[in-house]
Amino acid sequence: MKTTNRQHLAQLALQNTSLLLFIVVFVVFGLLAPRFFALQTFETILKQASYIGIVAIGMTFVILTAGIDLSVGSNMYVSATVAGLVMQELKAPVWLGLLVCLSVGMLFGGVNAFLITRVKIIPFIATLGTMVAGKGIGLLFSRSIQIPYPDSVLELGSSRLFGLIPLPIVIFLGVALAAQLVLTMTPIGRQIYAVGNDAEAAKKAGLSVGRVLTSVYIVSGLMAALGGFVSVAQQGVVHPGFGEGYEFNAIAAAVLGGASLFGGVGSVLPGTLLGAVLIQMIQTGLIFTKVDIYIQPLITAAIIFSAVLLDAFRNIQLQKLRRRNIRIDKGALVGAGDD
Amino acid sequence: MSDAILTFDHVEKSFFGVRVLKGISLDVPRGKVLGLVGENGAGKSTLMNLMGGVHAPDRGQMLLNGAPYAPRTPSDANAAGIAFIHQELNLFTNLSIAENIFIDGFPRLRWLPMLDRSHMRARTKQYLEAVELHVSPDTLVEKLSPGERQLVEIAKALSFDARIIIFDEPTTSLTARETERLFRLIERLRSDGASIVYISHILPDVMRLADEIAVLRDGELVAHGDKEAFTINRMIALMVGRAIEQLYPPRRSAPTTTPVLEVQDISQQGIVEAITFTLHKGEILGVFGLMGSGRSELARILFGLDEHARGEIRVAGKPYTRPSARRSIDAGMAFVTENRREEGLLMDIAIAENIGLVALPRYAAATVTAVNERRYFTEITDVAASLAIKGGELRQQAVKTLSGGNQQKAVIAKWLLDKPAVLIIDEPTRGVDVGAKYEIYSIINDLAAAGTGVLFISSELEELMGVCDRMLVMSNGEIQATFSRDEFEKERILRAAFRENAA
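Please read these numbers as outputs of a predicted model, since none were measured by experiment.

Q: How would you sum up the overall build of chain B? Please name residues and give values.
A: Broken down by element type, chain B carries 17 helices and 20 strands. Here chain B has a C-alpha radius of gyration of 24 Å; the compact-globule value for 503 residues is 23 Å, and the two agree. Each principal axis of the C-alpha atoms in chain B carries an extent, and together these give about 70 × 50 × 50 Å. Looking at chain B as a whole, 53% of its 503 residues qualify as buried.

Right, dumping it as structure tokens:
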């Protein structure tokens, strides 16, 4: 009886590795720097995690289909640049700027979808290509010059809903909730999981795999643009290096949150949300504990690697726990002659 | 003959210039079970794929209830009331039963884009009751056994009110009890008015279920009639195109007394217990057991794929410790797994590359030097020819284009290049037709004659009795009894397998 309880506990722990890691990281940094436990700190972490979190939500959709979108960072740059230029040069209002930003992002995602579903280029190469091309187009528009956003955007970025919760956090949580609803409650959501589990079977079951893939890359493009806008709204300018390397954080957040790169497994709530906040928490925590700035990336990488390692280990262990026993104990033989 | 629900009218189909169907005309009877038999590659699956909307015929047409029927996709076929239950099931293991059933047409909550879960659950419950699977509609498919998953596929067919249900080799991964349940279900579907096409290599099953039988050979229909007109021997003769005098080739050599594989007290908690036996040079040693008796698990342990807690293995007299697949291969062991599609072959790469996979290092002086391509391909071609692997250009064509029997031969060929001292072969004839079975038995015989010790694992007692020198019977992860050839007696062996008193 004791062993089954322990096994049960082990299984429960293994199924919630990201939550456990989250708590461990939180407590460790808190003990090292007590200020870390302040509510204000947590708000800052959430706020800074919001834009990567939004991008990671789009990435989760893609990863669920066993795909990858490396172009999100470039997408953020292009869409924010174009929106900035529209607002700066044409004096367009903020709402129009946001609309332009999101439209460019979706168009970017649409190009990825076209390359992947029509031209049949594998996602890794297709989005690697658009990552480079996208950056080039962005620089062509901006001429490598910083693009300032109107002050009204900056005000928006630092405003609070009901004077209480910072707007970026509201947007982040709202998007996460909506995404999770789409994934679990709508036909397209369940079909995304189906395609990720077995694309060939999905085709045979009469699903339009092309349509499902198209929608996830467009969602990823949309989320990249929205994440970019939320980020610029906190910084006020689009600098030429904006968005670079963000694809790594977005992928890491999704994977830390339990999404499998083989597709079909993962969630936005709590998964990716937890992953995005965890990454930001590590980075903020390292600053709080005054770790050498040149060592910080190494520690971040080490934590991400260990999470992924833990995940692989978890899958092996879960498989072992689930493997059925062939032998029946001699004592239990009576009445169990059923194989 | 009876009224037809679906008619094939001179259909033809070619792949890569090979004519697979050569003008077949066949009536699928309404409200009956049609047994469809033929060797691998005879065209059964292709014919059914036309019906199921997977492929379109090059020539000829199909009539459904007298009207032209030309499905372009599997969902067209479903919409026309035709369900195809494939050998490899088409389910999403990460989704629930209810989600699997409604995956291509989810019911929605009125005007919302949301799933109507309660409606799905209620409908699914009803279908699950109809197939006598008593689990919750919210159960994830990954938690179900192969037999239960198949019932889910059938429930799915019921969900779109299929009038024709095609079963392609449905019993290959089922236990005896699950098979029995499936047969009862098929009979009930028929009495409810459904038309069934049942494809199988297990001819007694076909005799039991079918009302009519159709036999295909080399893309042509060679016979079709009421079941009463057929016997198993006649079916085999029609399938092969000649009468087969024997199902098993005669042994041409006798086992020696030199041990090649000695297993002493191998145990692993919950899996196997105190396994002890010796395999000799030139011997074919059968391992018989029911599903879940531990036979395949033992094979995996011996080959070093799974760990064991206790015990000793000696290969060719030398102690063999810390087993791993690589070390097993180096020690002269070969392992043909029961699962050729997932574990035995790289389905998308060429036949020759698959055959060369294990022996590849031998064709280069060092890991980073170039492979001696000429010697490599010559030897691969020789092995392929000696096993009579049929089905196209070795270096161009992907293994997945081969029929089941030829795929199995490719797996065996992979190991023959290395001339193993011990061959562990698990269920080599599953899903393989009569002609190819005979060839596989012959290959095993030849290997034994050349001195290889063969550990032949199977759940088909007849073939073990026909081929082996000796037989171990397993159940509950233990060896229950050992029989030498002159002691082979079906009833005693079965009794041992069912864990009753054997001696």
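Q: A description of the packing of helix α12 (residues 246–256) of chain A against helix α13 (residues 268–288) of chain A should follow, citing residues and the corresponding values.
A: Packed helices, taken two at a time, are described by the angle their axes make and the gap between the axes. Residue and element names in this part refer to chain A. For the pair α12 and α13, the least separation of the axes is 7 Å and the interaxial angle reads 125°. Here α12 lies oblique to α13, going by the angle between them. For α12 against α13, the interelement crossing comes out right-handed. Listed contacts from α13 to N249, A252, A253, A254 and L256 of α12 are T272, G275, A276, L278 and I279. Taken together, the residues that form the contact of α12 with α13 break down as seven nonpolar, three polar and no charged.

Q: Account for the nonpolar core, naming residues and giving values.
A: Nonpolar side chains tend toward joint burial in soluble globular proteins. Ranked by size, the top nonpolar core spans 140 residues in total, and within it A:Y149, B:I154, B:I165 and B:F167 carry the most contacts. Ranked by the residues each element gives to this core, the list is headed by helix α3 (residues 39–64) of chain A, at 14 residues. Among the nonpolar cores identified, the runner-up in size contains 81 residues, and B:A299, B:A413, B:I444 and B:A481 belong to it.

Q: Lay out the confidence of the model for chain B with the relevant residues and their values.
A: Residue and element names in this part refer to chain B. In the predicted model, chain B carries a mean pLDDT of 86, and the fraction of residues at 70 or more is 97%. Here helix α11 (residues 340–344) stands out as the least confident element of chain B, with mean pLDDT 76; strand β8 (residues 195–199) is the most confident, with 95. The ipTM, which scores confidence in the relative placement of chains, is 0.81 for this predicted complex, and the corresponding pTM is 0.76.

Q: Quick one: what's the story with helix α4 (residues 117–130) of chain B, residue by residue and with numbers?
A: All names here are of chain B. The terminal C-alpha atoms of α4, which comprises 14 residues, lie 20 Å apart, in line with the 20 Å expected from a rise of 1.5 Å per residue. Along α4, the residues classified as buried are M120, T124, Y127 and L128. All buried residues of α4 project into a common sector of 100° when viewed along the axis, lining one side. Contacts made by the buried residues of α4 are with α3 (97–101) and α5 (146–159).

Q: Can you explain the pairing of strand β11 (residues 259–268) of chain B? Please cite residues and give values.
A: Residue and element names in this part refer to chain B. The pairing of β11 with strand β12 (residues 272–280) spans six bridges and is antiparallel. Each residue of the ladder has a partner; that of L261, found in β12, is L279. Here β11 folds back onto β12 in antiparallel fashion, the turn holding three residues, of which G270 has a positive phi close to 80°. Direction of pairing for β11 relative to strand β14 (residues 310–315): antiparallel, over a ladder of five bridges. Following the sheet pairing, S267 is matched in β14 by R310.

Q: Go over the packing of aromatic side chains with me, naming the residues and quoting the values.
A: Residue and element names in this part refer to chain A. Tallied over the full model, the rule gives 13 aromatic pairs over all chains. When the centroid spacing of 5.6 Å and the interplanar angle of 50° are considered together, the rings of F29 and F36 count as tilted. The residues F29 and F36 share a single accessibility class, namely buried. Note on F242 and Y246: the rings are 6.1 Å apart at their centroids and 75° apart in plane angle, and the pair reads as edge-to-face.

Q: Give a detailed account of the pattern of salt bridges, specifying residues and quantitative values.
A: On inspection of all chains with the given rule, the structure shows 26 salt bridges over all chains. Note that B:D348 is salt-bridged to B:K400, the shortest N-O span being 2.8 Å. Pair noted here: B:D348 is in the loop between α11 and α12 (351–356) and B:K400 is in the loop between α13 (373–386) and α14 (404–416), with a separation of 52 residues, a long-range link. Using a relative accessible area of 58% as the deciding quantity, one classes B:D348 as exposed. Where B:E462 meets B:K490, a salt bridge forms, and the shortest distance between an N and an O atom there is 2.6 Å. On the criterion of sequence distance, the pair formed by B:E462 in helix α16 (residues 461–467) and B:K490 in helix α17 (residues 490–497) is long-range, its members being 28 residues apart. On the accessibility criterion, B:E462 (40% relative accessible area) is partly exposed. Residues joined by salt bridges that share partners form a network here, namely A:R190, B:E99 and B:R117.

Reading the values: rules and limits
Residues numbered from 1 in each chain as written. Chains lettered and ligands numbered in written order. Predicted model: local features only at pLDDT ≥ 70, side-chain atom pairs only at ≥ 80, totals over all residues. Heavy atoms only, no water. Helix = DSSP H or I, 4+ residues; strand = E, 2+ residues; numbered from the N terminus. Rg over C-alpha atoms; globule rule 2.2 N^0.38 Å. Buried < 20%, exposed > 50% of the residue type's maximum accessible area, 1.4 Å probe, protein only. Axes fitted to C-alpha atoms, helices over the stretch in contact; angles between N-to-C directions. Parallel < 35°, antiparallel > 145°, perpendicular 65-115°, else oblique. Left-handed = near helix turned anticlockwise from the far one by under 90°. Contact = heavy atoms within 4.5 Å. Nonpolar A, V, L, I, M, F, W, Y, C, P; charged D, E, K, R; others polar. Core = buried A, V, L, I, M, F, W, Y, C linked by side-chain atoms within 4.5 Å. pLDDT = per-residue confidence, 0-100. Expected span 1.5 Å × (residues − 1). Arc of directions from axis to C-beta. Pairing = 2+ DSSP bridges. Phe/Tyr/Trp six-rings, centres within 6.5 Å; stacked < 30°, edge-to-face > 60°. Salt bridge = Lys/Arg side-chain N within 4 Å of Asp/Glu carboxyl O.

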